[in-house]
Amino acid sequence: MSATVAATAATAPATAARGSLLRGVLATWRGRTAGAVLLVVVLACLVGAFVTPYDPLAQDLAAARQTPSGAHWLGTDLLGRDVLSRLLQGGASSLVAVLVAVLVRTVVALPLGLAAGHLGGRVDQVITRVVDLVMAVPTIVILLSVLTLFGNDLLIGMAVFGLLGSAGLVRIVRGAALAASQELHVTAGRLMGLSRRQVAVRHVLSRVRGVVIVQTTLFATIALGVQTGLSFLGLGAPPPEPTWGGMVGEAASVVQSYPWLMVPTGGVIAITVLALGVLGDVVRDTTADRSSASGGRSVRRRGRVPAADPGDPDVLLAVRGLEVAFATAAGEVTVVRDVDLDVRAGETVGLVGESGSGKSVVAKAVLGLLPRNGAVVAGSAWWRGTDLTGLRGRGWRGVRGSQIALVAQDPLRALDPTSRIGAQLGELVRVHDRVGRRAARVRVVELLEQVQVIDPAEVARRYPHEISGGMAQRVAIAMALAGRPRLLVADEPTTALDVTVQAEVLDLLRALQAETGMAILLVTHDWGVVADACERVVVLYAGEVVERADAADVFAGPGHPYTRALLDCSPDQPAPDGTLRTVPGTVPPPDAWPTGCHFAARCPRAQDDCTQEGIPMVELAGSRVARCIHPLVPAGQPVGLTLERSR
Amino acid sequence: MLRIVLRRLLWAVPLVLGVSLVVFLLASLVPGDPARTILGESATPDAVAALRTELGLDRPWYEQYLSWLGGLAHGDLGTSVFTGEPVTTALNSRLAVTLALVLTTVVVCSVVGVAVGVVGALRGGITARVLDVVSLAGIALPSFWVALVLVSVFAVKLRWFPATGYVSPDQSLGGWASSLVLPVVSLGLLGVAVIAKQTRDAALTVLESDHVAVLRANGLPETRLVLGHVLRNASIPVVSAIGVVFVGSLDATVFVENVFVLPGLGSRATQATVDHDVSVILGIGVYFTLVVVLVNLLVDVAYGLLDPKVRTA
Ligand code: SF4
């Protein structure tokens, strides 16, 4: 969920950048430098080759082996030929050869890749087979045999190199085209006016453009390496003709007596390939998904001051003023703020909200599991005197697993696919119980029995992909129980399961709670789950807590209009015509939160004062506390948070 | 598992057929005459014609191709029109050199690349920057260029290693090792870059996956998490990168063996190209293809060992 939030927060700038790739590349100093270097090299070679200061072939033995001078800017070679003139002419032939390879590769690969990805079926099968085959062909040997047969014509050689290299590009374009045409099935309905095919080609091309450009610069780098390499081996134009590879070879042979020659000849190759490489990197960064491109970014806590610990001995977990932000290319984006919630020993608290509300972010923040680019920037999560938001590394020992444990949403992704169930479970048992393998094995079977797995010994031997989703969720719960935690954070524990299995898993959680006395923080969007399992409810909307109350009070009549709307569209409350109701409008993304009430744009009770300034939490009748100044139930006694427990 | 192995082995057949067919077709289409090349411009037409008959060059290309295939079935790759030596004899002695070079390179690249990649994934910051720069250089700079620079510095200037030549391990193990250092480094720069990058990306993906979060949240210490779970899951894409590096290094021996004058397949391939010696080129094509098939086979087997889904499928 946090990834979704981060991604939503990040899509806006990525889309904006798509229209101006060039501008994006030139916006970075690396892009500008690499572009400028390449431009100079290409222009110098293409134009300079015709206006070389000297005849590249003219020998002048009297002027051999000269270091740079006014007459020969880059010096002269062993036969007194002007190095600059030779580099310019050699460069022209290198660049043309690279261009040929790149063109052949692109022209062959684009249509094939698009056809394979877009048409699918037979076409795709045949193309994929051929590509697999070509990928296994030893490129250089084919290249050499072509050169054998065509009398060392490097242009033909490089065309063949491009042809062989197209296999890799076909594969990439096919993948992108496939992904794009699957998206199309979803959005096709909305796109009117253009024919499907037109839309498809345009859409796919815009999707693959970035990756094709990145791949092409990389390929050009390799092609230049191969071209100079082959000419270095003497397989290119015969000796008097200047080639970059031939010149650097010549320089290497006299490196001891005349080291200077190595500098311009080796240097021009290095500068050109490095510039190409940097350019490819910059294009990749510019076109890449922003959330992954933000890898290096991070956010820091604002100030060191933790929120005050309420210090109530009944309260296990007390979250106060929690604020979480993610670093994106567009800057720091707050996804959750000012969150207060309590979990008492033995109770079940439902953390409810739509996707994008930030409920999973809160759960992850409590366990210190935020992704790299996210962090708690303010507030605290108190666990019996310890501020969890301040824990790092080893500090978590004795907390994770043994005090607070986690059950994740998708049970099949929550288990390590490469490791047997007994092994993963046993590993946790050995850490928590400090026992050997044999004792751990006994406890593993016990744990599996505890989560009502029928044949524990057999299941322990299986791999995660060999069991059903419901079974996997039981195993995941067993993993959380391994350390005998006092609080179980269950992040949408039933969402990914079949309806019939959902009830079983909920029953199991309730039974385990009765048996062990642990508390549960149940993250969910499903009121049925709340009604079944929770004593208290915390409702989140667009990163803020909008209501806190006993479950009974919420079902009797919530105080916040959003809670009302959310209740009305739960599957248990179908509209009169039987369809599922939804809350009209959409949740504002974290980078577009409005001033005042986050819900105002969708709220039927909204008034002018709702959008003036931040809305405080207001005490209402019963146990309700809501972030609303025109609530659905009258205000009650002003009471402190710690008094607002189930009665 | 056995099915995977068999399928990969069967791949060798269409590959060898395809590669050799293309070479034969090209050879028949292209003007030029090996007999003329061998005998030189001054030879009489009669002598050239006689040699053509002797070499079987007067027959149509498909007949030549079929008889080459017949020979291949018996492990006979013909004789070099240039040296008169049987191709298999000429190549077998060189295969060991190339394999020693490539295998050492791949092992070194794998160890260094994985280590650097894991550190990069766990540390971020400066380490990641340095890694980016090094891998950029490794991927961009051509291997022959790196080889030339290494020779200039470490062989010519510092005299730490021999500039050229190969010492057989039977003669001197130390000499053998030191004759391989610079070639391995030249070949391996690219490999380290590719493997490190792949390792870092894979490890980062695994580090962000649900099952790592669950194990971490439920109390597994960080060291065990990395060694036992992150590395193992990340190794699956890394293995395929290692396969790619193997094939790439094999290709690059053509350049590097020439710089260091190593008597391997790569330098022989260049010589054959200069000589227009089609049967040797074909032979090297067969050797390279078989090695590539074998590498892909090993990669598949490794997949099976690492990923239980593949193994039990
Ligand atoms: S504060 Fe105003 S807009 Fe917000 S929920 Fe209450 S009534 Fe609606």
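Definitions and cut-offs
- Residues numbered from 1 in each chain as written.
- Chains lettered and ligands numbered in written order.
- Predicted model: local features only at pLDDT ≥ 70, side-chain atom pairs only at ≥ 80, totals over all residues.
- Heavy atoms only, no water.
- Helix = DSSP H or I, 4+ residues; strand = E, 2+ residues; numbered from the N terminus.
- Buried < 20%, exposed > 50% of the residue type's maximum accessible area, 1.4 Å probe, protein only.
- Contact = heavy atoms within 4.5 Å.
- Areas by Shrake-Rupley, 256 points an atom, 1.4 Å probe, with all protein chains shown as cover.
- Near = heavy atom within 4 Å.
- Nonpolar A, V, L, I, M, F, W, Y, C, P; charged D, E, K, R; others polar.
- Domains from an automatic or database assignment.
- Buried area = accessible area lost by both parts, 1.4 Å probe.
- Salt bridge = Lys/Arg side-chain N within 4 Å of Asp/Glu carboxyl O.
- Pairing = 2+ DSSP bridges.
- Expected span 1.5 Å × (residues − 1).
- Arc of directions from axis to C-beta.
- Patch = residues over 30% accessible without salt bridge, like charges linked within 9 Å, V, L, I, M, F, W, Y side chains within 5 Å.
- Lys, Arg positive; Asp, Glu negative; His and termini not counted.
- Charge placed at Lys NZ, Arg CZ, Asp CG, Glu CD.
- UniProt positions renumbered as here; feature names shortened; annotations may be inferred.
- Polar contact = N/O pair within 3.5 Å; in protein donor to acceptor, adjacent residues only side chain to side chain.
- Core = buried A, V, L, I, M, F, W, Y, C linked by side-chain atoms within 4.5 Å.

1. Looking at the overall build of chain A
Here's step 1: The number of helices and strands found in chain A is 21 helices and twelve strands.
Here's step 2: For chain A, the residues scored as buried account for 53% of the 647 residues in total.
Here's step 3: Considering only residue pairs separated by 6 or more positions, chain A has 69% of its internal contacts joining residues 24 or more positions apart.
Here's step 4: Carbon and sulfur atoms provide 59% of the accessible area of chain A, an area that totals close to 27,700 Å².

2. Structural notes on the site of the ligand
Here's step 1: Taken together, the neighbourhood of the ligand is formed by His-560, Pro-561, Cys-597, Ala-600, Cys-603, Arg-605, Ala-606, Cys-610, Cys-628, Ile-629 and His-630 of chain A.
Here's step 2: Here the shell around the ligand is composed, by residue class, of eight nonpolar, two polar and one charged.

3. Section: the domain arrangement of chain B
Bring the parts together and some accessible area is lost; that lost area is often taken as the interface size.
Residues and elements named next belong to chain B.
Here's step 1: Considered domain by domain, chain B is made up of domain 1 (2-73) and domain 2 (93-311).
Here's step 2: Domain 1 puts 14 residues into the contact, and the matching count from domain 2 is twelve residues.
Here's step 3: Buried area between domain 1 and domain 2, summed over both chains or domains, comes out near 1,200 Å², and the portion from carbon and sulfur atoms is 85%.
Here's step 4: At the boundary of domain 1 with domain 2, the tally comes to zero salt bridges.
Here's step 5: Of all the secondary-structure elements, those providing two or more residues to the side of domain 1 that touches domain 2 are α1 (2-29) and α4 (61-73).
Here's step 6: Its residues assigned to classes, the side of domain 1 that touches domain 2 comprises eleven nonpolar, two polar and one charged.

4. What to know about the sheet that holds strand β1 (residues 315-328) of chain A
Residue and element names in this part refer to chain A.
Here's step 1: Read across the open sheet, the four strands follow the order β2-β1-β4-β5; overall the sheet is antiparallel. Each edge of the open sheet is held by one strand with a lone partner, namely β2 (331-344) and β5 (386-387).
Here's step 2: Relative to β5, strand β4 (residues 374-383) is paired through two bridges, and the arrangement is antiparallel. Its bridge partner being in β5, Trp-383 is matched across the sheet by Thr-386.

5. Observations regarding α4 of chain B
Quick reminder: α-helices carry 3.6 residues per turn. Residues three or four places apart thus point the same way.
Residue and element names in this part refer to chain B.
Here's step 1: Helix length check: α4, at 13 residues, gives a terminal C-alpha distance of 18 Å against a target of 18 Å (1.5 Å per residue), a fit within 8%.
Here's step 2: Within α4 the residues assigned to the buried category are Gln-64, Tyr-65, Trp-68 and Gly-71. Down the axis, α4 shows its buried residues gathered within 120° of arc, on one side only. Exposed residues on α4 whose side chains face more than 90 degrees from its buried face are Leu-66 and Ala-73.
Here's step 3: Just downstream of α4 lies Gly-75, where phi reads positive at about 75°.

6. Things to note about a positive patch on the surface
Here's step 1: There is a patch of like positive charges on the surface, built from Arg-437, Arg-438 and Arg-441 of chain A together with Arg-224 of chain B.
Here's step 2: Among the secondary structure elements, Arg-224 of chain B is positioned in helix α10 (residues 222-259).

7. As for the UniProt feature "transmembrane region" (unreviewed entry) in chain A
Here's step 1: UniProt tags residues 32-51, 95-116, 136-164, 212-237 and 257-280 of chain A as "transmembrane region" (unreviewed entry).
Here's step 2: Across residues 257-280 of chain A, helical content stands at 79% and strand content at 0%; the span's end C-alpha atoms are separated by 38 Å.

8. Describing the UniProt feature "domain: ABC transporter" (unreviewed entry) in chain A
Here's step 1: The positions UniProt marks with the feature "domain: ABC transporter" (unreviewed entry) are residues 319-567 of chain A.
Here's step 2: Helix makes up 39% of residues 319-567 of chain A and strand 28%, whereas the separation of the span's terminal C-alpha atoms amounts to 25 Å.

9. Re the interface of chain B and chain A
Here's step 1: Contacts between the two partners involve 69 residues from chain B, matched on the other side by 71 residues from chain A.
Here's step 2: Between chain B and chain A, a total of about 6,000 Å² is buried, with carbon and sulfur atoms accounting for 72% of that surface.
Here's step 3: Inspection of the chain B/chain A interface yields one salt bridge.
Here's step 4: When the shortest N-O distance is used, the salt bridge between Arg-413 of chain A and Asp-210 of chain B registers 3.4 Å.
Here's step 5: On the surface where chain B and chain A come into contact, there are eleven residue pairs in polar contact (both at pLDDT 80 or more).
Here's step 6: Classifying every residue of the side of chain B that touches chain A gives 43 nonpolar, 15 polar and eleven charged.

10. Brief notes about the nonpolar core
Generally speaking, soluble globular proteins have nonpolar side chains that are buried together.
Here's step 1: Core analysis: the biggest nonpolar cluster contains 117 residues, and Val-324 and Leu-388 of chain A have the highest contact counts within it.
Here's step 2: Among the elements that make up this core, the one with the highest residue count is helix α17 (residues 469-481) of chain A (seven residues).
Here's step 3: Each residue touching Val-324 of chain A, except ones within four places of it in the same chain, is listed here: Val-333, Thr-334, Val-335, Val-336, Val-361, Ala-365, Leu-370, Ala-375, Val-376 and Val-377 of chain A.
Here's step 4: Judged by nonpolar contacts, the second largest core, of 115 residues, contains Leu-230 and Val-268 of chain A together with Ala-12 and Leu-180 of chain B.

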